[in-house]
Amino acid sequence: MQIYLNGQAQDTTCQNLLQLIQSLSLEGKRFAVEANEMIIVKSQLEHTPISDQDRIEIIQAVGGG
């Protein structure tokens, strides 16, 4: 299926947001997820399915010094 990840079309076989996070090697890092203009809390990533044409935004926290 095709999703829009941070505004870019991308094909994925992931069935839920947790699988997508794992495929992007973000598990264990600081990030926020929005799916179709709704913020998804981390505890719900596994229970939030991905559908064709979903718009997903992932914002990763970056530390600096």
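In the block above lies the structure referred to throughout.
Every value quoted in this text rests on a predicted model; they were computed, and no experiment measured them.

> How do you make sense of the packing of aromatic side chains when you look at a structure like this?
The description of an aromatic ring pair rests on the distance of the ring centres and on the angle between the ring planes. Across all of its chains, the model carries 0 aromatic pairs by this definition. Here K42 stacks its cationic end above the ring of F31, 4.3 Å away from the centre of that ring.

> Would you mind showing me how to read the nonpolar core here?
Proteins that are soluble and globular tend to have nonpolar side chains buried together. L17, L20, V33, I56 and I58 are the most contacted members of the largest nonpolar core, which totals 15 residues. When contributions to this core are tallied by element, the ones reaching two or more residues are strand 1 (2-5), helix 1 (17-23), strand 3 (31-35) and strand 5 (55-60). When neighbours within four sequence positions are excluded, I56 is seen to be in contact with I3, Y4, L5, N6, L17, L20, V33, E34, A35 and I50.

> What exactly am I supposed to notice about the sheet that holds strand 2 (residues 8-11) here?
What the 5 strands build is an open sheet, ordered 2-1-5-3-4; its pairing is mixed. Each edge of the open sheet carries a strand with a single partner, namely strand 2 and strand 4 (38-40). Each strand of the sheet is rotated relative to its neighbour by a mean of 35°, with strand direction disregarded. Two strands pair when backbone bridges link them, and strand 1 and strand 2 are joined in this way by 4 bridges, in the antiparallel orientation. Among the inter-strand pairings, I3 is bridged to a residue of strand 2, identified as Q10.

The rules we used
- Residues numbered from 1 in each chain as written.
- Predicted model: local features only at pLDDT ≥ 70, side-chain atom pairs only at ≥ 80, totals over all residues.
- Heavy atoms only, no water.
- Phe/Tyr/Trp six-rings, centres within 6.5 Å; stacked < 30°, edge-to-face > 60°.
- Lys NZ or Arg CZ within 6 Å of the ring centre and 35° of its normal.
- Core = buried A, V, L, I, M, F, W, Y, C linked by side-chain atoms within 4.5 Å.
- Buried < 20%, exposed > 50% of the residue type's maximum accessible area, 1.4 Å probe, protein only.
- Helix = DSSP H or I, 4+ residues; strand = E, 2+ residues; numbered from the N terminus.
- Contact = heavy atoms within 4.5 Å.
- Pairing = 2+ DSSP bridges.
- Axes fitted to C-alpha atoms, helices over the stretch in contact; angles between N-to-C directions.

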